[in-house]
Amino acid sequence: MTTSPNTLRRAGDNPALLGLAGILAFGALLEVLPRVGVLPSEYFPPTSKIIAALIDEFGRGDFWQAVVGTVSTWLIGLAIAVLAGIVLGILIGSVPVLRLATASTIEFLRPIPSVALLPLAVVLFSAPIRSILLLVVYASFWQVLIQVLHGVTDVDPVARRPRPPTGSTAGARRATWSGRPPCPMR
């Protein structure tokens, strides 16, 4: 049985609707399979129990404290990663010798997943916020650094050349303007 292109096009017209359908189908499976005994309910609770527990958590104050702590740690880690990535990316990308010297190290460290550093973070930092910050900064830093490095190296060499000063007097500004204006003045 083949599917017509019109059916495929109609199904792909609204990806949000397809995503919602997938979530609802998964929720229905998670409701039915533990209840009929295919999945152990102590490890896979039905969807109705999961939703009831989530609604109960929304009413607890310590839940919201944990959410605020998680989001603030994430924001701090992201800010550190963005700042460090931009500064180091501009520095490394602007100096060709530095770019060549650090290229192998960057390409070696970049693909290491941040989850692989979890045991190291636990051993080095007993405080949870420090270990979480290490993981967030490490995971985010490489994305920013690589983008800034490519952005700096893609700058046109003409744009990097210093331009002669034009002066601040009206006569100096008129002297640098040769010919007609780029658009007609009315």
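Above this text you will find the structure in question.
Residues numbered from 1 in each chain as written. Predicted model: local features only at pLDDT ≥ 70, side-chain atom pairs only at ≥ 80, totals over all residues. Heavy atoms only, no water.

A. The arrangement of the overall build of the protein chain in detail. Helices and strands together make up the secondary structure of the protein chain, namely 9 helices and 0 strands. Each helix and strand of the protein chain, ordered N terminal to C terminal, gives the series α-α-α-α-α-α-α-α-α. A fraction of 55% describes how many contacts in the protein chain between residues 6 or more apart in sequence connect residues 24 or more apart. Carbon and sulfur atoms make up 70% of the accessible area of the protein chain, which amounts to about 14,300 Å² in all. (Helix = DSSP H or I, 4+ residues; strand = E, 2+ residues; numbered from the N terminus. Contact = heavy atoms within 4.5 Å. Areas by Shrake-Rupley, 256 points an atom, 1.4 Å probe, with all protein chains shown as cover.)

B. The packing of helix α4 (residues 61-94) against helix α5 (residues 96-109), seen in detail. The contact between α4 and α5 brings their axes to 6 Å, and the two run at 120°. Classified by the angle between their axes, α4 and α5 sit oblique to one another. Contact residues: Leu-91, Ile-92 and Ser-94 in α4; Pro-96, Leu-98, Arg-99, Thr-102 and Ile-106 in α5. Classifying every residue of the contact of α4 with α5 by side-chain character gives 5 nonpolar, 2 polar and 1 charged. (Axes fitted to C-alpha atoms, helices over the stretch in contact; angles between N-to-C directions. Parallel < 35°, antiparallel > 145°, perpendicular 65-115°, else oblique. Nonpolar A, V, L, I, M, F, W, Y, C, P; charged D, E, K, R; others polar.)

C. Fine view of the pattern of salt bridges. Taken as a whole, this structure holds 4 salt bridges when the rule is applied. Here Glu-57 ties to Arg-60 by a salt bridge, and the two come within 2.9 Å at their closest N and O atoms. For Arg-60, a relative accessible area of 40% gives the class partly exposed. One salt bridge connects Asp-62 with Arg-60, and the closest N-O pair in it is separated by 2.9 Å. A single salt-bridge network, built from bridges that share partners, covers Glu-57, Arg-60 and Asp-62. (Salt bridge = Lys/Arg side-chain N within 4 Å of Asp/Glu carboxyl O. Buried < 20%, exposed > 50% of the residue type's maximum accessible area, 1.4 Å probe, protein only.)

D. Seen up close, the packing of aromatic side chains. Taken as a whole and judged by the stated rule, the model has 5 aromatic pairs. Summarising the aromatic geometry, the rings of Tyr-138 and Trp-142 are spaced 5.8 Å apart at their centres and angled 80° between planes, so their arrangement reads as edge-to-face. Taken as a pair, Tyr-138 and Trp-142 lie in helix α7 (residues 128-153) at a separation of 4 residues, close to a single helical turn. Joined through ring pairs, the aromatic side chains of Phe-58, Phe-63 and Trp-64 make up one cluster. (Phe/Tyr/Trp six-rings, centres within 6.5 Å; stacked < 30°, edge-to-face > 60°.)

E. Geometry of α4. Here α4 spans 49 Å end to end across 34 residues, near enough to the 50 Å set by a 1.5 Å rise per residue. What α4 keeps buried is the set Thr-73, Gly-77, Ala-81, Gly-85, Gly-89, Ile-92 and Gly-93. Buried-residue contacts for α4 involve α5 and α7. (Expected span 1.5 Å × (residues − 1).)

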